[in-house]
Amino acid sequence: MLKNLLSIFVRSDCPLCQRQTQQIICTYCQKKVQSNYLSTRKIIKSKNLSVFAWGKYEGELKRAIASVKYENHPQLGVLLGEWLAHSWLASFPSKKIEKLTVVPIPLHPQKLKLRGFNQATKIAQGFCQVTGYPLKSQALIRVKNTQAMFGLNPQQRQTNIKNALVVDRHLEPTLGRSPILILDDIYTTGSTIESAYQAFTQSSFKVYGGVVVAAVITNKP
Ligand SMILES: [Zn+2]
């Protein structure tokens, strides 16, 4: 009886379907989100770096990321980060030993204040809990309040994000020597992750690559 009463208190609504669940999202939605998992073509070649993606940016995965950001579900972001980490370690077993420094793409301070959290930092927290990698969530600063990328063409995206990110000079000495792994929620054209890459290489840091929860996969070969 007491146990049943207690279980009522720990149950909450699944952010994606509003069914009651004792987990972050219900088993039904977990399956739906995981149907967007990429079993092949997980590595995207960007201009200067390789980016590892957990899933395809569509369907329930797209919906889950929107729910993290716009419906205030940071814990779902942490869960996606854990899934990303398990997939990463399964693909690169040697990376269990070699530690990389994880740096999430920052939001502009104004946007951070409005949202209350940075979704990329939440994903990075889940990722680092599983991988054991050090997390440096403040290493990059967004100095330009860029307009939303939605609806911009690749050229406009590149101009929009150019020089928007810089390495925080105060944190530079704490970043250590391990290569940087840039983490973001979504990969669309690669312009954001490339901008982060430029910021780090200009400050003489070695970038190992990028990881994202979801990537827009085009049908180009
Ligand atoms: Zn659900």
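Refer to the preceding data block for the structure.
On a predicted model such as this, the values are computed, not experimentally measured, just so you know.

Peer 1: What should I look at first to understand helix α6 (residues 119-131) in this one?
Peer 2: Each α-helix turn comprises 3.6 residues. Residues three or four places apart therefore point the same way. The end-to-end C-alpha distance of α6 is 18 Å, a good match for the 18 Å that 13 residues give at a rise of 1.5 Å each. If you check which residues of α6 are buried, you get Gln119, Ala120, Thr121, Lys122, Ile123, Ala124, Gly126, Phe127, Cys128 and Thr131. On its buried face, α6 is in contact with α3 (59-70), α4 (74-91), β5 (101-104), α5 (109-115), β8 (180-187) and β9 (207-215). The N-capping residue of α6, defined by a side-chain oxygen 3.0 Å from the backbone nitrogen of Ala120, is Asn118.

Peer 1: Help me understand the packing of aromatic side chains, please; the structure alone is not making it clear to me.
Peer 2: When we look at a pair of aromatic rings, we describe it by the centre distance and by the angle of the planes. The tally for this structure, following the rule as stated, stands at nine aromatic pairs. Measuring from ring centre to ring centre gives 5.9 Å for Phe127 and Tyr133, while their planes differ by 65 degrees; the resulting arrangement is edge-to-face. Each member of the pair, Phe127 together with Tyr133, is buried. Following the ring pairs from residue to residue traces out a cluster consisting of Phe52, Trp88, Phe92, Phe127, Tyr133 and Tyr208. One residue, Arg19, lies across the ring of Tyr28, its end atom 4.4 Å from the ring centre.

Peer 1: Sorry, what's going on with the nonpolar core here?
Peer 2: Judged by nonpolar contacts, the single largest core of 35 residues is most densely connected at Ile25, Leu84, Trp88, Phe127, Tyr133 and Leu183. Put simply, the parts of the chain that give this core at least two residues each are α2 (27-34), β4 (50-56), α3, α4, α6, β8 and β9. Considering every element that reaches this core, the biggest residue donor is α4, with eight residues. Every residue in contact with Leu183, bar those within four places of it in the chain, is listed here: Leu84, Val102, Val103, Pro104, Ile105, Ala120, Ile123, Ala124, Phe127 and Val211.

Analysis parameters
- Residues numbered from 1 in each chain as written.
- Predicted model: local features only at pLDDT ≥ 70, side-chain atom pairs only at ≥ 80, totals over all residues.
- Heavy atoms only, no water.
- Helix = DSSP H or I, 4+ residues; strand = E, 2+ residues; numbered from the N terminus.
- Expected span 1.5 Å × (residues − 1).
- Buried < 20%, exposed > 50% of the residue type's maximum accessible area, 1.4 Å probe, protein only.
- Contact = heavy atoms within 4.5 Å.
- Polar contact = N/O pair within 3.5 Å; in protein donor to acceptor, adjacent residues only side chain to side chain.
- Phe/Tyr/Trp six-rings, centres within 6.5 Å; stacked < 30°, edge-to-face > 60°.
- Lys NZ or Arg CZ within 6 Å of the ring centre and 35° of its normal.
- Core = buried A, V, L, I, M, F, W, Y, C linked by side-chain atoms within 4.5 Å.

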